[in-house]
Amino acid sequence: MIQPFTRLVGRRRRRVVALLAILGPGVIAANAGNDAGGIATYASAGAQFAYRTLFLMVLVTVALVVVQEMSARLGAYSGEGLVSLIREQFSLRIASFAVVCLVVANLGLVVSEFAGIGAGFELFGVSRYLAVPIAAVVIWAVVVLGTYRYAERVFLLLSVAFLAYPVALILGSPDWGQVASNTVLPHFVASHGFLVLAVALVGTTITPYMQLYQAAAVVDRGIGPDDYPRERLDSVGGAIFANLISVCIIIATAAAIGGHGPLASADQAARALEPVAGSGAFALFAVGLLGASALAAAVVPLSTAYGLTEAVGAERSVSRRISEAPLFVGLFTVQVAVGAAVALIPGNLIKLLINTQILNGVITPIILAFILVLANRRSLLGDAVNSPRFRAVATVSVVGVSALALTVVAQTVLGWLGVG
Amino acid sequence: MARRPSFPSPTALRRRRDRRAERLLANRAVANALVSLAGLVGRPVRISGGSEVGRLADLVARWDGQPYPPITGAVLRVGRRLAYVPAEQIADVNRAGIELRSARFSLREFDRRPGEVLLAGDVLDHQLVDVDGVRVVRASDLYLARVVDGWRLVGVDVGYQSLLRRLGPTRWRARPTPDRVIDWAAIQPFGVDPGPIRLRRENRELSRLHPSELADILEELGRTERHELLDTLEPDSAADVLEEMEPDELRTLLRDLPPARVAQLLGAMEPDEAADALRDLDDDELHEVFSAMTPAVASQLRPLLAFPESTAGGLMTTRLLVARCDDRVADVQAEVSRADDRHDLAAVVAVDDDGRVIDDIPVVDLLVADPDQRVEELVSETEPITVLATAPFSDVVDRLIDTRHTSVLVVDDDQRPMGRILADDVIDALVPTRGRHRLHVRHS
């Protein structure tokens with residue numbers, strides 16, 4: 001079919017567009033990981049242990065790159081999302097279990113994203129009761145009324161907000177010698193607090209919805225094996241970019257308020273920065289928080305919708321109209337509505353729902369293990385199967401991340417029981 | 001393109017689907033006799049009236065061109081080994097498990113013969129095409145029933161109820177919950193070695209679908225299924241389907257096929273659509289495709305690619321019927337009736353001895369004319385509706401709107417005919433993504 005209007009653009013513009021066209025599912029999926037909860041964790045890492053977590057971030061980046069690349073490859077070469085593949089290649093029961101956990105855990109995440117949007121606006125003096133409902137409607141409309149390409153462009157635009165953090169980093173004038181030595185050499189602290197934080201860092205950087213979204217969006221975008229080299233750039237580049245942003249947050253907070261102790265939330269980080277690093281850093285952190293929360297508030301419910309529709313065999317896509325994909329659109333709508341509503345209710349409900357994120361720790365090992373096994377299957381991927389060397393790195397990454405994820409679960413459960 | 005069958009409305013589709021399912025379930029005896037495959041897997045396999053020899057791992061069915069594929073064997077798990085038992089050895093299949101005729105059977109490994117499929121491994125939970133409902137479904141459960149000559153696959157369940165049942169304890173799993181059953185006769189399956197017999201049935205069922213319906217289905221399918229479905233179609237109908245696909249999806253699909261196949265499909269497509277599909281390939285890819293094409297097709301497509309897509313030359317089709325002034329009307333009429341795509345021939349171009357356009361004679365005028373006349377007698381006073389090949393798209397739209405014609409002729413600087421742009425191609429170009437499918441749905 002012909003789309004003359006888009007073709008009227010000049011040659012130079014087209015080259016820029018081609019470069020931008022590479023960006024997509026990978027950048028979005030990985031950057032959604034820097035959500036409200038992520039920013040809080042990274043800021044807390046910087047505030048509590050200054051530069052000491054940087055080496056860990058290098059390891060996490062390797063793991064994230066490996067996992068996201070495998071997810072994208074599975075999507076491109078099979079034309080199906082992760083949950084569909086798990087149902088086809090393994091069993092309906094495991095796929096269902098993973099999806100039920102995902103739905104609950106993601107609901108918790110959506111609530112925290114909308115809480116993040118509310119907090120972000122309140123930093124600028126806008127009431128959350130005004131900001132959150134409007135944000136919810138806008139996010140819903142972008143995804144439901146537009147095509148995938150359109151929604152993707154809006155998401156990429158939101159990712160630009162992340163550039164606030166590198167600027168904040170420079171404003172903070174960190175100790176570059178320290179940064180370099182901590183990045184290259186491990187400077188671990190043998191304390192309970194450090195372990196807890198390390199585990200939280202890994203958990204917030206590698207979350208199941210990111211892999212689900214990555215694979216499903218690659219399929220939705222119609223990326224096949226021939227386009228895959230470009231998509232690999234997108235997924236690898238996206239993962240690295242996302243973690244560079246995380247590192248910027250850690251360094252910026254470390255430089256300004258390193259050693260001050262833990263922070264509970266992203267807006268608290270912005271407030272803590274203000275007296276030390278000035279109102280510029282405060283504003284940058286607030287802008288970053290808004291962009292990050294809005295991006296994740298769209299991506300997380302989308303991954304739920306992808307996951308559940310794939311599990312029940314009604315997979316449809318963002319590009320479909322409401323009447324063509326009632327389940328997909330319905331799930332997305334419910335998640336956004338509930339997420340925004342709960343984020344506005346005062347009291348403990350928010351806390352309860354945010355606690356459901358613990359389920360992410362349960363499904364992370366499951367999803368990662370399946371990604372690894374599927375990406376090792378020659379019958380599924382043909383020549384695009386993991387090479388022996390890649391397989392070794394991927395196995396170490398998956399085992400390491402899974403072990404840490406399970407540690408979070410154990411810790412939390414023990415915490416509920418009053419032990420630990 | 002002008003005379004497509006109208007797209008059935010969603011309610012009509014549902015009615016069509018339900019009628020089949022009702023027919024299948026109308027007979028209570030049939031409904032009660034259905035055996036659920038999901039419930040059967042893992043059940044004991046016994047010797048008739050005797051002891052358990054193993055557990056059922058899978059059932060083997062053969063796609064043999066019949067509407068209901070026969071069960072040709074079973075795969076058992078005996079200890080830690082898998083063994084194959086042919087259907088002749090199976091005495092009974094019921095919800096509690098299967099019974100074998102005698103203890104004397106040889107345990108051999110399952111060796112897939114052409115057309116054979118593992119029902120639990122290859123079909124259950126996989127994508128299927130529901131030809132009646134025109135959609136891609138995923139099998140929640142498969143139902144077997146005893147017919148005269150043995151056990152056959154009769155239906156596929158796509159309901160959520162069956163999914164829930166399969167998540168529950170084993171005891172629940174055996175009880176069929178046929179809430180949304182599709183008669184297997186309306187199903188296009190995947191995952192088979194393409195055998196010569198299989199193709200016949202596939203074509204019959206699939207040929208009932210409209211190309212735009214098939215295009216929607218192709219877009220929904222996973223990669224292997226997509227290729228399999230495309231391979232079962234005749235080149236001509238495959239080309240019709242490709243013309244209806246989204247440009248991005250089409251590009252992905254073509255890049256994924258061997259150049260020889262791409263060349264074959266493009267040759268069967270309308271030249272303007274084929275040129276569009278080629279436009280975004282890089283030079284190496286183009287070279288590969290062109291060298292796999294027949295020279296006739298390549299020479300038809302190459303000039304189209306020379307014009308940017310936003311110009312008249314990029315939009316036109318090069319299929320033209322050209323008549324000289326002194327041609328007899330009878331000859332031209334005969335040529336019209338021989339043309340492949342008669343309904344895309346809006347008009348016949350009349351040219352002078354130098355090959356310059358004098359008039360664009362509507363096919364209707366030509367057909368009602370006296371066969372003994374000469375073409376020049378039909379030439380009207382008014383100027384023909386033409387645009388230059390280099391004219392921008394907006395000029396084409398303006399010309400069509402001003403003149404209310406169904407097509408506009410594209411000419412070069414010397415007024416020689418190059419191609420034609422039909423109003424429906426302009427509509428496609430004006431309506432952004434997915435416009436084509438939506439238009440079909442709307443006019444229903």
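First, a word on what this report is: a plain description of the structure on this page. No experiment lies behind these values; they were computed from the predicted model shown. (Residues numbered from 1 in each chain as written. Chains lettered and ligands numbered in written order. Predicted model: local features only at pLDDT ≥ 70, side-chain atom pairs only at ≥ 80, totals over all residues.)

1. Quick word on the packing of helix 8 (residues 128-145) of chain A against helix 15 (residues 266-312) of chain A
Residue and element names in this part refer to chain A.
Step number 1: Two numbers describe how helix 8 lies on helix 15: the axes approach to 10 Å, and their chain directions differ by 55 degrees. Taken together, the axes of helix 8 and helix 15 lie oblique to each other. Pair helix 8 / helix 15 crosses with right-handed handedness. Across the interface between the two elements, A135, I139 and V143 of helix 8 pack against A294, A297, A298 and L302 of helix 15.
Step number 2: Looking at side-chain class alone, the contact of helix 8 with helix 15 contains seven nonpolar, no polar and no charged residues. (Axes fitted to C-alpha atoms, helices over the stretch in contact; angles between N-to-C directions. Helix = DSSP H or I, 4+ residues; strand = E, 2+ residues; numbered from the N terminus. Parallel < 35°, antiparallel > 145°, perpendicular 65-115°, else oblique. Left-handed = near helix turned anticlockwise from the far one by under 90°. Contact = placed C-beta atoms within 7 Å. Nonpolar A, V, L, I, M, F, W, Y, C, P; charged D, E, K, R; others polar.)

2. Here's the deal with the interface of chain A and chain B
Step number 1: Listed by partner, the interface residues are 24 residues for chain A and 31 residues for chain B.
Step number 2: Looking at the side of chain A that touches chain B, the elements that each hand over two or more residues are helix 1 (4-7), helix 5 (54-78), helix 6 (82-89) and helix 7 (92-123) of chain A.
Step number 3: When residues of the side of chain A that touches chain B are assigned to their parent elements, the largest contribution, three residues, is made by helix 7 of chain A.
Step number 4: Taken together, the residues of the side of chain A that touches chain B break down into nine nonpolar, eight polar and seven charged.

3. A closer look at the sheet that holds strand 12 (residues 150-157) of chain B
Residue and element names in this part refer to chain B.
Step number 1: Spatially, 1-11-12-13 is the arrangement adopted by the four strands of the open sheet, whose pairing is antiparallel. Of all the strands in the sheet, the pair left with one neighbour each is strand 1 (35-36) and strand 13 (181-183).
Step number 2: Both strand 12 and strand 13 contribute to a ladder of three bridges, which runs antiparallel. Across the sheet, the residue bridging to V156 is I182, located in strand 13. (Pairing = 2+ DSSP bridges.)

4. Quick word on the sheet that holds strand 16 (residues 347-351) of chain B
All names here are of chain B.
Step number 1: Strand order in the open sheet formed by three strands is 15-16-17, and the pairing between neighbours is mixed. Edge positions in the sheet fall to strand 15 (322-324) and strand 17 (357-362), since each of these pairs with one other strand and no more. The sheet shows a mean angle of 30 degrees between the axes of neighbouring strands, taken without regard to direction.
Step number 2: In the sheet, strand 15 pairs with strand 16 via three bridges, with the strands oriented parallel. From the neighbouring strand, V322 faces strand 16, where its bridge partner is V349.

Read these as spatial facts, not as claims about activity.
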